[in-house]
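# Residue-level structure breakdown
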Amino acid sequence: MRHTGTFGRFGGFYVAEPLIPALEELESAWIEARDDPEFAGALAGLLRDYAGRPTPLYRSPALSEELGCAVYLKREDLLHGGAHKTNNTLGQGLLAARMGKTRLIAETGAGQHGVATAMIGARLGLDVKIFMGSLDVARQAPNVQRMKLFGAEVIPIDNGSGSLKDAINEAMRYWTEHIRDTFYVFGTAAGPHPYPSIVRDFQRVIGEEIHAQLHAAHGRGPTAVIACVGGGSNAIGAFARFIDEDTALIGVEPGGHGVDTGKHGATLGAGRAGCLHGSISYVLQDAHGQIHEAHSISAGLDYPGVGPEHAHLMASGRAEYISATDDEALDAFAWLSRREGILPALESSHAIAGARRIADRFGPDDVVVINLSGRGDKDLAHAMAALDAREAAR
Ligand SMILES: *Cc1c(COP(=O)(O)O)cnc(C)c1O
């Protein structure tokens, strides 16, 4: 490896020996591609014409009133595929093609990353295998159908709890055995080096656009950027441009039933440093180092780990991480729909809820950008059932 891939005391690559050459090959390819105008041009072209970038930066009257300052939504919900994940899968897909790989593999929990990978595999003519916990396969039937329609093979995993972390372990195992022709498209800014950096670089376009669009619309940069944090890819993409400026960076983790109940996914808020999926970061674990399942109303935030760069941003005090509960996220989901006619993903609803929670911090001179990471159509049935159940319990 040319880099250690560390962020302060976090990050690195703690993987089985056979994976090291694959990670080295990936790091070299990424460093070359990063500096190649032809690669940048191909990616920018597809991001524009296929995926619909730049996404709008929209000044929200309802949120501006609610927070008492100018509030803009970065509309990743309008990106092709319905969420920011397309930025990453398009980037990694092009990188795979450049490396001469013929097969993409990916892990998926709720199915969103699996769909985004299958979509890009279809576009680039690459074979796709998606590893998915068998419980998730049953729970996420529409996404399984989408993946199959895009030509991907979905491989159900029965090991462990049959959810995301087991799917990641299986995908890594498969990769070890098929390094020559296979590219592992990792879904968030976590995992072993170089993934946290690669994913950040492909998501960075979010913050770059925020910077340019806000200067054009408002004549200045944001005083705060707020984003939800699952593994941390949409948040690091929104933050990266502003790390060296004095913008407040605020991540919102899934507080589930409440962080004090133990049923939540607030990895940074309540986890401890540990090793998960090949790097050191914060991890939800018990006193014996057993990984805790994360709990959240939003399947996309339901990951017991978090990207190492976020762990470092928190430890160094550069970014702050708060949480929003299931209930607060549901409120935000219904509230934004009602007030603006925008149906946010349940994940993104946490960012809205987090912003509302800290509204009293902002004054008239503040300019807040909330990253609306995805659209909520996928969550409709689940959210309506939860809202109805809440209504009935009152
Ligand atoms: C997957 C997903 C997330 C969580 O993933 P990050 O890597 O933390 O960004 C957030 N929002 C939406 C809409 C998603 O699909």
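Residues numbered from 1 in each chain as written. Predicted model: local features only at pLDDT ≥ 70, side-chain atom pairs only at ≥ 80, totals over all residues. Heavy atoms only, no water.

## Focus on the pattern of salt bridges
Which entries qualify depends on this criterion: Definition used for salt bridges: Asp or Glu carboxyl oxygen within 4 Å of a side-chain nitrogen of Lys or Arg. Helix and strand definitions here come from DSSP, where helices need a minimum of 4 consecutive H or I residues and strands a minimum of 2 consecutive E residues; each element is numbered from the N-terminal end. Note on classification: 1.4 Å probe, protein chains only; a residue is buried when its accessible area is under 20% of the maximum for its type, exposed when over 50%, partly exposed between these limits.
As enumerated under the stated definition, the model contains 28 salt bridges in all. Here Lys-74 and Glu-209 are joined by a salt bridge, their closest N and O atoms 2.8 Å apart. Placement of the pair is Lys-74 in strand β4 (residues 70-75) and Glu-209 in helix α10 (residues 205-218), with a sequence separation of 135 residues. Glu-209 gets classed as buried once you look at its relative accessible area, which sits at 12%. Between Glu-208 and Arg-241 there is a salt bridge, with the nearest N and O atoms lying 3.7 Å from each other. Taken together, the residues Glu-208 in helix α10 and Arg-241 in the loop between α11 (233-239) and β10 (248-256) connect sequence positions 33 residues apart. Residue class for Glu-208 comes out partly exposed when judged on its relative accessible area of 33%. Connected through salt bridges with shared partners, the residues Arg-53, Lys-74, Glu-76 and Glu-209 form a single ionic network.

## So, the site of the ligand
The test is simple: We define proximity as follows: a residue is near a molecule or strand when any one of its heavy atoms falls within 4 Å of that partner. The term polar contact refers here to a pair of N or O atoms within 3.5 Å; inside protein, the definition further demands a hydrogen-donor-capable atom paired with an acceptor-capable atom, and it admits residues adjacent in sequence only when both atoms are side-chain atoms. Per-residue and other accessible areas were derived by the Shrake-Rupley procedure at a 1.4 Å probe size, with only the shown protein chains allowed to occlude residues.
Surveying the vicinity of the ligand reveals 17 residues, the closest of which are Lys-85, Thr-188, Gly-230, Ser-233 and Ser-373. Gly-230 is positioned with one of its backbone polar atoms (N or O) 2.7 Å from an oxygen atom of the ligand. At a separation of 2.7 Å, a nitrogen atom of the ligand approaches a polar side-chain atom of Ser-373. Burial of the ligand by the protein chains amounts to 97% of its free accessible area of 380 Å².

## Examining the side chain of Glu-170
For clarity, the cut-off: Two residues qualify as a contact provided that any one of their heavy atoms is within 4.5 Å of a heavy atom in the partner residue.
Checked against the element boundaries, Glu-170 lands in helix α8 (residues 164-177). Side chain to side chain, Glu-170 and Arg-173 meet in a polar contact 2.7 Å long. The contact partners of Glu-170, leaving out residues within four places of it in the chain, are Phe-131, Ile-157 and Asn-159.

## Focus on the sheet that holds strand β13 (residues 319-325)
Rule in force here: DSSP-based pairing: two strands are paired if at least 2 bridges between them are found. Note on method: axes are straight lines fitted to C-alpha atoms, helices fitted across the in-contact stretch only, with angles between N-to-C directions ranging 0 to 180 degrees.
One open sheet holds the six strands; their spatial order is β3-β4-β14-β9-β10-β13, and the pairing between them is mixed. Single-partner strands in this sheet number two, and they are β3 (57-59) and β13. Strand-to-strand twist across the sheet, computed as the mean angle between neighbouring axes with direction ignored, equals 25°. The pairing of β10 with β13 spans seven bridges and is parallel. From the neighbouring strand, Gly-251 faces β13, where its bridge partner is Tyr-321. Running at roughly 85° to β13, helix α14 (residues 326-340) makes contact with β3, β4, β10, β13 and β14 (367-372) of the sheet.

## Some words on the packing of aromatic side chains
The condition that has to hold: Each Phe, Tyr or Trp ring (for Trp, its six-membered ring) is paired with any other whose centre lies within 6.5 Å, and the angle between the two planes then decides the class: stacked below 30 degrees, edge-to-face above 60, tilted in between. For a lysine, the NZ atom is tested; for an arginine, the CZ atom; a charge sits over a ring if that atom is within 6 Å of the ring centre and within 35 degrees of the ring normal.
Across all of its chains, the model carries eight aromatic pairs by this definition. Ring centres of Tyr-184 and Phe-186 lie 5.6 Å apart, and the angle between their planes is 75°; this geometry places the pair in the edge-to-face category. A relative accessible area of 0% places Phe-186 in the buried class. Ring geometry for Phe-186 and Tyr-195: centres 5.4 Å apart, planes at 40°, overall tilted. Ring pairing ties together the aromatic residues Trp-175, Tyr-184, Phe-186 and Tyr-195, which thus form one cluster. Above the ring of Trp-30, the side-chain terminus of Arg-34 is found at 4.4 Å from the ring centroid. The positively charged end of Arg-356 is found above the aromatic ring belonging to Trp-335, 4.4 Å away from the centroid.

## Re the pairing of β4
Of all six residues in β4, six are buried; the element is thus mostly enclosed. Burial of the side chains of β4 extends over both faces: Ala-70, Tyr-72 and Lys-74 are buried on one face and Val-71, Leu-73 and Arg-75 on the other. Note: β3 against β4, three bridges, orientation antiparallel. The partner of Arg-59 across the bridge, within β4, is Tyr-72. Two elements, β4 and β14, share six bridges in a ladder whose sense is parallel.

## Overview of the domain arrangement of the protein chain
Interfaces are frequently sized by the accessible area removed from exposure as the parts join. Stated formally: Each domain's extent was defined by an automatic or database domain assignment. Accessible surface is computed with a 1.4 Å probe, and the buried area is the amount of it that two parts give up when combined, taken over both parts together.
Split by domain assignment, the protein chain resolves into domain 1 (8-47 + 85-199) and domain 2 (53-82 + 204-393). In this structure, domain 1 and domain 2 have C-alpha centres spaced 23 Å apart. Contact with domain 1, which involves 30 residues of that partner, is made by 33 residues of domain 2. At the boundary of domain 1 with domain 2, total buried surface from both sides reaches about 2,400 Å², with 64% on carbon and sulfur atoms. Considering only the side of domain 1, the residues that lose the most area to domain 2 are Phe-10, Asn-87 and Lys-165, jointly responsible for 25% of the buried surface there.

## A short note on α8
Inclusion rule: To estimate how far a helix should reach, multiply one less than its number of residues by 1.5 Å.
For α8, which comprises 14 residues, the first-to-last C-alpha distance of 20 Å matches the rise-based estimate of 20 Å (1.5 Å per residue) to within 8%. Among the 14 residues that make up α8, 10 are buried, leaving the element largely enclosed by the rest of the structure. Those residues of α8 not exposed but buried are Leu-164, Lys-165, Asp-166, Ala-167, Ile-168, Glu-170, Ala-171, Met-172, Tyr-174 and Trp-175.

## Description of the environment of Thr-6
Counting through the fold element by element, Thr-6 comes out in strand β1 (residues 6-7). For Thr-6, a relative accessible area of 43% corresponds to the partly exposed category. The residues touching Thr-6, leaving out its near neighbours within four places in the chain, are Gly-11 and Gly-12. Of the polar contacts made by the side chain of Thr-6, one reaches the side chain of Thr-4; its length is 3.0 Å.

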